[in-house]
Amino acid sequence: MTGYTAGALSLKSPKAIAAARGGMAQYVVQRLLQALFVVWAAFTLSFLLLYALPGNAATQKLQTSSYISQAQYEQLEHYYGLDQPLLTQYVKQLTGILHGDLGISVATGMPVSQLIGNALPQTLGLTLLALLIAITLAFVVSTLATVSRFATVRRICWALPAIGSSIPGFWIGLILLWLFSFSLHIFPGVGDGSFAAMILPAVTLSLRTGSLIAQVLTNSLDKEWHSPYMQTVRTVGYGRLAALFQQALPNASISVMTVIATHIGELLAGTVVVETVFSRNGIGRITQVAVTSQDMAVVQGVVIFTAAVYAGVNLVVDLLYPLVDPRIRNSSRRGRK
């Protein structure tokens, strides 16, 4: 089949090849515009919500500091443009973002891009480790739920994802902190100076995402496992694991890619709670401080960064869909004819 397909493609006319490339270019442009729209929408919504809140960072500074006079407060508002009309502030901030300027933190006086850049390595490492743990747990649970010869094991593995997705993350973090740090002294409870200190927060962050991935993957694998073609595959000599890994898993990967892409933003958002519980200096921690102090520039900078990561990951996954599953590429071509 592979040789026949390759031969058929080699016989295509230059016009057909150019049309296929043009269709792919159109697909890329559409997905790129969708990604830009997501970032713009996140910025606009966060701007309106923050503007609607009573007070601002300058007001918060005036209330919590005895050395700021009313005149200094008005100077702060004028310096940061907080005394300007809504539309003026919106256009000014949007223009600055388009030029790569996320603004200045009122609380610290530092550029927001620098604050995010300093916190990014800790959060990025934690998020990637949590994603790796989530995928591994989901893969193990889904495999056992599909091919285990023991009915009890299959039932337990089918139930685990629903239980894991319903438990609050902060509660899991506190339980892990009490058990493995304070009681057993296996892992450090706070700080971000070593890989061992990342284990507990990464596990906490991974459980909900891993449960959601496991739910989708288990359902997809079960559907593939009981499909007619799998019966044929197993009758020609494939073992249970070989049939699962070589046939069922590739066909179930599309739905898993979608879940992973859509939950990248949730992982980043989850760092707000996890980094606070485990006293880690990351983007989640500066977000919590910024929300408390009503530092609008920092909050918006984090929202834009998270939206950009979410949109970027989904864009990459969208572009990988036609490569992973040729049926998507073929259906898009048929739709253009």
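Residues numbered from 1 in each chain as written. Predicted model: local features only at pLDDT ≥ 70, side-chain atom pairs only at ≥ 80, totals over all residues. Heavy atoms only, no water.

Considering the overall build of the protein
Each helix and strand counted, the protein has 15 helices and zero strands in total. A sequence separation of at least 24 residues applies to 72% of the contacts in the protein between residues at least 6 apart. Element-wise, carbon and sulfur atoms account for 69% of the exposed surface of the protein, whose accessible area totals about 18600 Å². (Helix = DSSP H or I, 4+ residues; strand = E, 2+ residues; numbered from the N terminus. Contact = heavy atoms within 4.5 Å. Areas by Shrake-Rupley, 256 points an atom, 1.4 Å probe, with all protein chains shown as cover.)

Some remarks on the UniProt feature "transmembrane region" (unreviewed entry) in the protein
In the numbering used here, UniProt assigns the feature "transmembrane region" (unreviewed entry) to residues 32-53, 124-145, 157-180, 186-207 and 298-324. With 100% helix and 0% strand, residues 124-145 has end C-alpha atoms that lie 31 Å from one another. Split by type, residues 157-180 is 92% helix and 0% strand. Its first and last C-alpha atoms lie 24 Å apart. (UniProt positions renumbered as here; feature names shortened; annotations may be inferred.)

Let's talk about helix α6 (residues 112-147)
With 36 residues, α6 ought to run about 52 Å at 1.5 Å a step, and its terminal C-alpha atoms sit 50 Å apart, in line with that. Its axis deflected by about 45° at Leu-120, α6 carries its strongest bend there, up to four residues before the proline Pro-121. (Expected span 1.5 Å × (residues − 1). Bend = angle between axes of the 7 residues up to and from the residue.)

So, a nonpolar patch on the surface
Together, Phe-139, Val-140, Leu-144, Leu-241 and Phe-245 make up a nonpolar patch on the protein surface, roughly 400 Å² of accessible area in all. Contributions of two or more residues to the nonpolar patch are made by α6 and α11 (240-262). With three residues, the single largest contributor to the nonpolar patch is α6. Structurally, Leu-144 can be placed in helix α6. (Patch = residues over 30% accessible without salt bridge, like charges linked within 9 Å, V, L, I, M, F, W, Y side chains within 5 Å. Salt bridge = Lys/Arg side-chain N within 4 Å of Asp/Glu carboxyl O.)

A look at the packing of helix α12 (residues 264-277) against helix α13 (residues 283-293)
At a closest axis distance of 7 Å, the pairing of α12 and α13 adopts a crossing angle of 95°. Between α12 and α13, the crossing angle belongs to the class labelled roughly perpendicular. In this structure, α12 uses Thr-271, Val-272, Glu-275 and Thr-276 to contact α13, whose residues at the interface are Ile-283, Gly-284, Arg-285, Thr-287 and Gln-288. Grouping the constituent residues of the contact of α12 with α13 by class yields two nonpolar, five polar and two charged. (Axes fitted to C-alpha atoms, helices over the stretch in contact; angles between N-to-C directions. Parallel < 35°, antiparallel > 145°, perpendicular 65-115°, else oblique. Nonpolar A, V, L, I, M, F, W, Y, C, P; charged D, E, K, R; others polar.)

Some remarks on the side chain of Thr-209
Within the secondary structure, Thr-209 is located in helix α9 (residues 196-225). If sequence neighbours within four positions are ignored, Thr-209 has contacts with Ala-134, His-263 and Leu-267.

Side note on unusual backbone geometry
Backbone geometry at His-185 places phi at a positive 55°, although glycine is not the residue there. As for its placement among the helices and strands, His-185 is situated in the loop between α8 (169-183) and α9. With a relative accessible area of 62%, His-185 lands in the exposed category. One non-glycine residue, Ser-279, adopts positive backbone phi at about 50°. Ser-279 sits in the partly exposed class, given a relative accessible area of 31%. (Buried < 20%, exposed > 50% of the residue type's maximum accessible area, 1.4 Å probe, protein only.)

A few points about the side chain of Glu-275
Topologically, Glu-275 is positioned in helix α12. Within the buried set, Glu-275 has no salt-bridge partner at all; the shortest N-O distance to an opposite charge, 5.0 Å, is to Arg-280. A polar contact is formed between the side chain of Glu-275 and the backbone nitrogen of Ile-283, at a distance of 3.4 Å. What Glu-275 contacts, discounting residues up to four positions off in sequence, is Thr-123, Leu-126, Arg-280, Gly-282, Ile-283, Gly-284 and Arg-285. (Lys, Arg positive; Asp, Glu negative; His and termini not counted. Polar contact = N/O pair within 3.5 Å; in protein donor to acceptor, adjacent residues only side chain to side chain.)

Brief notes about the environment of Met-296
Within the secondary structure, Met-296 sits in helix α14 (residues 296-324). Among the residues examined, Met-296 registers a relative accessible area of 12% and is labelled buried. Separated by 193 residues in the primary sequence, Met-296 and Gly-103 have C-alpha atoms spaced 9.5 Å apart.

Here's the deal with the packing of aromatic side chains
The geometry of two aromatic rings is summed up by the distance between their centres and the angle between their planes. This structure, assessed with the given rule, holds five aromatic pairs. An angle of 40° between the planes, with centres 5.7 Å apart, marks the rings of Phe-37 and Trp-40 as tilted. One end of the pair, Phe-37, and the other, Trp-40, are both in helix α2 (residues 14-52), three residues apart, so they sit about a helical turn from each other. Ring centres of Phe-47 and Tyr-90 lie 5.4 Å apart, and the angle between their planes is 65°; this geometry places the pair in the edge-to-face category. Note that Phe-47 is positioned in helix α2 and Tyr-90 in helix α5 (residues 86-98), a separation of 43 residues in sequence. Among the residues examined, Phe-47 registers a relative accessible area of 0% and is labelled buried. Classification of Tyr-90 by relative accessible area gives buried; the value is 15%. (Phe/Tyr/Trp six-rings, centres within 6.5 Å; stacked < 30°, edge-to-face > 60°.)

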